[in-house]
Amino acid sequence: MATRRRKNAGRPAGNDGEKVKAELMEAARQHFLQREFKAVSVREIAESAGVNGAMVNYYFGSKQGLYLAMVDEMLSSLEASLAALGGDGELGVTEFSRVYTQVLVENPWWPNFIVREVLMKEGETRDAMVARFAGAFAPRLMASISWKIRDGQYREDLDPGLAMLSMMALTVFPFLAKPMIESVLGREFNSETAETLVAHNIALFHDGVKNSDSTKE
């Protein structure tokens, strides 16, 4: 990773502070994408951002504070995108697939980061992240699936929770296996491929859950 140096690596003044914070989070994302949390040093992150290592503590309190700020920014982006679809109401499978896939395209570090730092570890930080992540969309998505079961659009024997997990797996796994998929399929995993994947996942999911006796859309 290239290292950028500022002429003056001391405490930024005025509006430069927000820029430095953003650059530190971007540097952290790049490092945490490649290595686990404990293997990345404050010095490495600061050097990649082109600032003094003291800036990490100044703006975020610690490496963990920077880590949590980076995650919080990602989750806030997801929540904002989902909220734009209708506040706290139900969240349809189609809307979820499109929004979450786009978020993953813009944040390719996220799936592997979650597996490595959250699903494979324990502790208060993990618990807080899981609670925040689940609260972002899970209840709304399950409510939408439940309503479609009651309305006769989906099979009455369908389990809303398991159906939600299936949709999440269809959406997230390609990003976890991106290098393998690119090799097997012989195509770059870009925004165009992601759009094709969304259409495929939605059709595959609905073909599996729809009520064959229903004529509703």
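Preceding this section is the structure that the text describes.
The rules behind these values
- Residues numbered from 1 in each chain as written.
- Predicted model: local features only at pLDDT ≥ 70, side-chain atom pairs only at ≥ 80, totals over all residues.
- Heavy atoms only, no water.
- Helix = DSSP H or I, 4+ residues; strand = E, 2+ residues; numbered from the N terminus.
- Buried < 20%, exposed > 50% of the residue type's maximum accessible area, 1.4 Å probe, protein only.
- Contact = heavy atoms within 4.5 Å.
- Areas by Shrake-Rupley, 256 points an atom, 1.4 Å probe, with all protein chains shown as cover.
- Salt bridge = Lys/Arg side-chain N within 4 Å of Asp/Glu carboxyl O.
- Phe/Tyr/Trp six-rings, centres within 6.5 Å; stacked < 30°, edge-to-face > 60°.

### Some thoughts on the overall build of the chain
Within the chain one finds ten helices and zero strands. Starting at the N terminus and walking to the C terminus, you meet the elements of the chain as α-α-α-α-α-α-α-α-α-α. Taken across its 217 residues, the chain has 39% of its residues classed as buried. For the chain, contacts bridging at least 24 residues in sequence account for 70% of all contacts bridging at least 6. When the accessible surface of the chain is summed, it comes to about 11900 Å², and 52% of that surface belongs to carbon and sulfur atoms.

### Quick look at the environment of F189
With respect to the element layout, F189 can be found in the loop between α9 (178-185) and α10 (191-209). A relative accessible area of 11% means that F189 is categorised as buried. In contact with F189, other than residues within four places in its own chain, are P174, F175, K178, I181, E182 and L197.

### A closer look at the side chain of S48
Tracing the sequence through the fold places S48 in helix α2 (residues 42-49). Residue classification places S48 among the buried positions, given a relative accessible area of 7%.

### Quick word on the environment of M168
Examined against the element boundaries, M168 turns out to sit in helix α8 (residues 160-176). For M168, a relative accessible area of 18% translates into the label buried. Spatially, the C-alpha atoms of M168 and A138 are 9.8 Å apart, while their sequence positions differ by 30 residues.

### A word on the pattern of salt bridges
Using the criterion set out here, one finds seven salt bridges in the structure. Among the salt bridges present, the one from E26 reaches R29, with a minimum N-O distance of 3.0 Å. Here R29 and E26 lie together in helix α1 (residues 16-34), a separation of three residues that amounts to about one turn. On the accessibility criterion, E26 (35% relative accessible area) is partly exposed. Among the residues examined, R29 registers a relative accessible area of 13% and is labelled buried. The closest approach of N and O atoms between R155 and D157, which form a salt bridge, is 2.9 Å.

### Thoughts on the packing of aromatic side chains
Under the definition given, this model contains four aromatic pairs. Both rings, one in Y58 and one in Y59, keep their centres 4.8 Å apart while their planes meet at 80°; by these two values the pair is edge-to-face. Ring geometry for F96 against Y100: centres 5.4 Å apart, planes inclined by 35°, an arrangement best described as tilted. Placement of the pair is F96 and Y100 together in helix α5 (residues 93-106), with a separation of four residues, close to one helical turn. Each member of the pair, F96 as well as Y100, carries the same accessibility label: buried.

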